[in-house]
Amino acid sequence: MSVLKSKIKVALIQFASGMPDKAVNFKNCRKFVAEAMRQEPGTSLVVLPECFNSTYAASEFRKNAEVIEQSSPSVKFLSDLARDYKVTLVGGTIPELEPASNNVYNTCLIFDKTGQLIGRHRKVHLFDVDIPGGIRFKESDSLTGGDTSTTIDTPHGKFGVGVCYDMRFPELATVSARRGAFAMIYPSAFNTTTGPLHWHLLARARSVDNELYTMLCSPARVPGSGYQAYGHSLVVDPQGNIIAEAGQGEEIIYAELDPEKIDMMRNMIPVTRQTRFDVYHDVSTDAK
Ligand SMILES: NC(=O)CCC(=O)C(=O)O
């Protein structure tokens, strides 16, 4: 039995998220998801971008943070969206406030097609970079990193979740792959400095390392906004081929994931069965 139980259709919603008013982001997001379902009926997995509900800026995270509970605006919005369109929803990310610690996390919430919250990934690796002439960003000024890897079980099979900068750390993908994932999904927001350098390379690498699908969903680039998102949402197949890619503006991309493609790759080049844990450590055995 393949790790993916049958063919599934996916849609990645690259919209101009990050407006200061959450209600505007909700309205636009719903409009695009409705459009995706109209254009590709039968889509069962929908992915949103990083920080889909508010502005991606270190100074804004705490202001926009929500406690994860059914009555929180973003939780309610995402739950209703998944239920209304009967899709598994990887709900981008939102700034999450944990009341007990007063920490703020960059958190992806995952819902099943009844609107039930089935998983949560707190971005583990915070985006702290300083590239002269390019970009300086320090998420750790206002965010705390999560401390677990995330593999979600669904009726289609399992997928792993990371958030943006997490994709630079191959271990999270390896852990999910070894736990039986058919895909890694990264709500993301690369920028116009690091996007051209590494976006495609990293997505293809995660696919080839683990012989699974990789999906990156970015916000659309908004001219004049503070953070210039790279765009170029992507779906990469288990062989490392890009099978869907957006431009930089608002766009929905679609793909069909095929269990055959995973199985074929894993049989032709069986790296997933040729690991040498007598030589190096299996990171999936003790990962949280
Ligand atoms: N939002 C992010 O984590 C951005 C990551 C990024 O741009 C990178 O180059 O990595």
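These figures come from a predicted structure and were not determined experimentally. (Residues numbered from 1 in each chain as written. Predicted model: local features only at pLDDT ≥ 70, side-chain atom pairs only at ≥ 80, totals over all residues.)

Bringing the overall build of the protein chain into the picture now. Secondary structure summary: the protein chain contains 7 helices and 15 strands in total. The C-alpha atoms of the protein chain give 18 Å as radius of gyration, which agrees with the globular expectation for 288 residues (19 Å, within 12%). Seen through its principal axes, the protein chain has C-alpha atoms that stretch 50 × 45 × 40 Å. Counting across all 288 residues of the protein chain, residues that qualify as buried make up 48%. Taking all contacts inside the protein chain whose residues are at least 6 apart in sequence as the whole, residues at least 24 apart take part in 68%. (Helix = DSSP H or I, 4+ residues; strand = E, 2+ residues; numbered from the N terminus. Rg over C-alpha atoms; globule rule 2.2 N^0.38 Å. Buried ≥ 20, exposed ≤ 12 C-beta atoms within 10 Å, placed from the backbone. Contact = placed C-beta atoms within 7 Å.)

Moving on, we get to the site of the ligand. Surveying the vicinity of the ligand reveals the residues Glu50, Phe127, Cys164, Tyr165, Arg168, Ala189, Phe190, Asn191, Thr194 and His198. Residue classes in the shell around the ligand are distributed as 5 nonpolar, 3 polar and 2 charged. (Near = placed C-beta within 6 Å. Nonpolar A, V, L, I, M, F, W, Y, C, P; charged D, E, K, R; others polar.)

Another point: helix 3 (residues 73-85). Given 3.6 residues per helical turn, the α-helix brings residues three or four places apart onto the same face. With 13 residues, helix 3 should reach 18 Å at 1.5 Å per residue; the first-to-last C-alpha distance of 18 Å fits that figure. For helix 3, the full list of buried residues reads Ser74, Val75, Phe77, Leu78, Ser79, Leu81 and Ala82. Considering only its buried residues, helix 3 is in contact with helix 1 (22-39), strand 3 (88-90), strand 4 (94-98), strand 5 (103-111) and strand 6 (117-122). One or two positions beyond helix 3, positive phi appears at Lys86, with a value near 55 degrees. (Expected span 1.5 Å × (residues − 1).)

For Cys164, which is not glycine, the phi dihedral falls at a positive 45 degrees. Structurally, Cys164 can be placed in the loop between strand 10 (157-161) and helix 4 (170-178). Here Cys164 falls in the buried class, since 25 other C-beta atoms lie within 10 Å of it. At Glu211, a residue that is not glycine, the phi angle is positive and equals roughly 50 degrees. By the secondary structure assignment, Glu211 is in the loop between helix 5 (194-210) and strand 12 (213-217).

For the rest of this paragraph, the subject is the nonpolar core. Of all hydrophobic cores here, the largest spans 81 residues; its most connected members are Val10, Leu12, Ile13, Val47, Phe182, Ala183 and Met215. The contact partners of Val47, leaving out residues within four places of it in the chain, are Val10, Leu12, Ile13, Val90, Ile185, Pro187, Met215 and Cys217. (Core = buried A, V, L, I, M, F, W, Y, C linked by C-beta atoms within 7 Å.)

UniProt tags residues 8-259 as "domain: CN hydrolase" (unreviewed entry). The distance from the first to the last C-alpha atom of residues 8-259 is 9 Å, and the span holds 25% helix and 30% strand. (UniProt positions renumbered as here; feature names shortened; annotations may be inferred.)

For strand 2 (residues 43-47), the buried fraction is high: 4 of the 5 residues fall into the buried class. With 4 bridges joining them, strand 1 (residues 8-14) and strand 2 adopt parallel strand pairing. Each residue of the ladder has a partner; that of Ala11, found in strand 2, is Val46. In the classification by handedness, the crossover that spans strand 1, the intervening helix 1 and the parallel strand 2 is right-handed. The pairing of strand 2 with strand 3 spans 3 bridges and is parallel. The residue of strand 3 that forms the bridge with Val47 is Val90. (Pairing = 2+ DSSP bridges. Right-handed = clockwise from strand over helix to strand, strands pointing away.)

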